[in-house]
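One letter stands for each residue in the lines below.
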Amino acid sequence: MTLKIYKDHHQLSDTAAEEIIELVKQKPDAVICLASGETPRLTCRLLIKKVKEQQVDLSQCTFIGLDEWAGIPPSNEGSCHYFFQHELFEPLQFRSEQIHLFDALSANLEDECLKMDSAIFERGVIDLMIVGIGMNGHIGFNEPGVSFNNYSHVINLDETTVTVGQKYFKGGAVLKQGITLGLKHLQDAKKVLLLANGIKKAEVIKKAVEGVVTNSFPASIMQTHANGWVMADEEAASLLDKRNNYPA
Ligand code: GLP
């Protein structure tokens with residue numbers, strides 16, 4: 001694992017967007033997985049700008065959505081579908097064949113997991129996985145206690161996730177289960193970027209980077225990834241003991 005500290009959210013997001021651009025330039029049919037949420041929103045916006053400025057062709061790459069709230073329709077502004085559709089797919093004019101998202105309204109969510117795993121395995125592995133970190137240390141919906149060896153799965157949401165998750169939904173939402181890529185996908189991925197910004201992420205970043213590697217705190221798995229970068233802004237990195245050893 002490599003820790004990278006940036007001045008602010010903008011600098012961090014700019015680097016993450018640049019990573020996508022560089023990958024696609026080298027490998028036009030790259031398989032890219034992205035999280036939704038507040039953290040990667042700026043990365044998406046900067047990516048769109050860079051793609052247009054540099055005329056990068058994303059038409060051959062495959063896009064994988066990290067997770068989704070079970071039972072929440074794509075039309076709901078709080079859904080991951082909605083985020084990707086508006087922040088990425090429409091602005092970049094992705095074709096539907098390029099996109100793989102969990103159908104969280106499916107009567108058979110287990111089948112959705114198998115479909116997602118097949119979509120990834122058919123293409124080999126994920127080239128670049130860009131994830132966030134939850135306030136309980138989750139990645140995607142890999143909640144505390146999850147196996148490190150799962151591929152896609154359905155999971156009961158942790159209390160913290162249900163509470164924090166309300167921020168995405170105007171007027172609130174009933175959140176019970178999530179459908180998510182597993183941490184085995186993360187271990188298999190050629191490169192993983194975990195993004196975190198803001199003081200509220202300082203404690204979880206400290207645990208992820210300097211704590212014990214344990215499934216009680218899923219983001220600690222980053223420590224085991226040979227090509228995993230934890231990318232934090234100054235605020236999110238502010239509690240790290242060894243932060244001065246890792247200049248940006
Ligand atoms: C959410 C999602 C994750 C996301 C994380 C952090 O619940 N399941 O995929 O990365 O929590 O979200 P945010 O970036 O909004 O802090």
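Anyway, here's the lowdown on the structure attached to this text. This is a predicted model, so every value here is computed, not measured.

1. Observations concerning the nonpolar core
No. 1: In this structure, Leu88, Met129, Ile133, Ile139, Leu181, Leu194 and Ile205 are the most contacted members of the largest nonpolar core, which totals 83 residues.
No. 2: Sorting elements by how many residues they give to this core places helix H1 (residues 9-26) first, with seven residues.
No. 3: Apart from the residues within four sequence positions on either side, Ile133 is in contact with His138, Leu194, Leu195, Ala196, Lys201, Val204, Ile205, Ala208, Phe217 and Ala219.

2. Topic: the pairing of strand S6 (residues 128-131)
Regular strands place their side chains on alternate faces of the sheet.
No. 1: The two faces of S6 match: Leu128 and Ile130 on one face and Met129 and Val131 on the other face are all buried.
No. 2: Of the strand pairs in this sheet, strand S2 (residues 31-34) and S6 are connected by three bridges, and their pairing is parallel. In the strand pairing of S6, Cys33 is matched with Met129.
No. 3: Relative to strand S9 (residues 191-196), S6 is paired through four bridges, and the arrangement is parallel.

3. A short note on the sheet that holds strand S7 (residues 153-156)
No. 1: The strand order across the open sheet formed by three strands is S4-S8-S7, and the pairing between neighbours is antiparallel. Of all strands in the sheet, those with a lone pairing partner are strand S4 (67-69) and S7, marking the two edges. Taken pair by pair, the neighbouring strands of this sheet meet at an average axis angle of 25 degrees, ignoring direction.
No. 2: Looking at chain direction, S7 and strand S8 (residues 177-180) are connected through four bridges and run antiparallel.

4. Things to note about the pairing of strand S3 (residues 62-65)
No. 1: With burial as the criterion, each face of S3 is covered, one bearing Thr62 and Ile64 and the other bearing Phe63 and Gly65.
No. 2: As defined by bridge partners, S2 adjoins S3 across four bridges and the pair is classed as parallel. Residue Leu34 lies in a different strand from S3, and its bridge partner there is Gly65.
No. 3: Once the chain exits S2 it traverses helix H2 (residues 38-54) before rejoining the sheet at S3, and the crossover so formed is right-handed.
No. 4: Note that S3 and strand S5 (residues 99-100) share two bridges and pair parallel. Within S5, the residue paired with Ile64 across the bridge is His100.

5. Re the packing of H1 against H2
No. 1: Taken N-terminus to C-terminus, the directions of H1 and H2 make an angle of 50 degrees; their axes are 8 Å apart at the nearest point. The angle between H1 and H2 falls in the class oblique. The chirality of how H1 crosses H2 is right-handed. From H1, His9, His10, Ser13, Asp14, Ala16, Ala17, Glu18, Ile20, Ile21 and Lys25 reach across to H2, where they touch Glu38, Thr39, Leu42, Thr43, Leu46, Leu47, Lys50, Val51 and Gln54.
No. 2: Along the lines of polarity and charge, the residues of the contact of H1 with H2 split into eight nonpolar, six polar and five charged.

6. Brief notes about the site of the ligand
No. 1: Neighbouring the ligand are 15 residues, the closest being Glu38, Thr39, Asp67, Tyr168 and Lys201.
No. 2: Residue Glu38 places a main-chain N or O atom 2.9 Å away from an oxygen atom belonging to the ligand.
No. 3: Within the complex, 94% of the 400 Å² of free accessible area of the ligand lies under protein.
No. 4: For the shell around the ligand, the class distribution of residues is five nonpolar, six polar and four charged.

7. Examining the packing of aromatic side chains
No. 1: Taken as a whole and judged by the stated rule, the model has ten aromatic pairs.
No. 2: Both rings, one in Phe63 and one in Phe84, keep their centres 5.1 Å apart while their planes meet at 70 degrees; by these two values the pair is edge-to-face. With Phe63 in strand S3 and Phe84 in helix H3 (residues 80-92), the pair connects residues that are 21 residues apart, well separated along the chain. There is no split in this pair, since Phe63 and Phe84 are both buried.

Analysis parameters
Residues numbered from 1 in each chain as written. Predicted model: local features only at pLDDT ≥ 70, side-chain atom pairs only at ≥ 80, totals over all residues. Heavy atoms only, no water. Core = buried A, V, L, I, M, F, W, Y, C linked by side-chain atoms within 4.5 Å. Buried < 20%, exposed > 50% of the residue type's maximum accessible area, 1.4 Å probe, protein only. Helix = DSSP H or I, 4+ residues; strand = E, 2+ residues; numbered from the N terminus. Contact = heavy atoms within 4.5 Å. Pairing = 2+ DSSP bridges. Axes fitted to C-alpha atoms, helices over the stretch in contact; angles between N-to-C directions. Right-handed = clockwise from strand over helix to strand, strands pointing away. Parallel < 35°, antiparallel > 145°, perpendicular 65-115°, else oblique. Left-handed = near helix turned anticlockwise from the far one by under 90°. Nonpolar A, V, L, I, M, F, W, Y, C, P; charged D, E, K, R; others polar. Near = heavy atom within 4 Å. Polar contact = N/O pair within 3.5 Å; in protein donor to acceptor, adjacent residues only side chain to side chain. Areas by Shrake-Rupley, 256 points an atom, 1.4 Å probe, with all protein chains shown as cover. Phe/Tyr/Trp six-rings, centres within 6.5 Å; stacked < 30°, edge-to-face > 60°.

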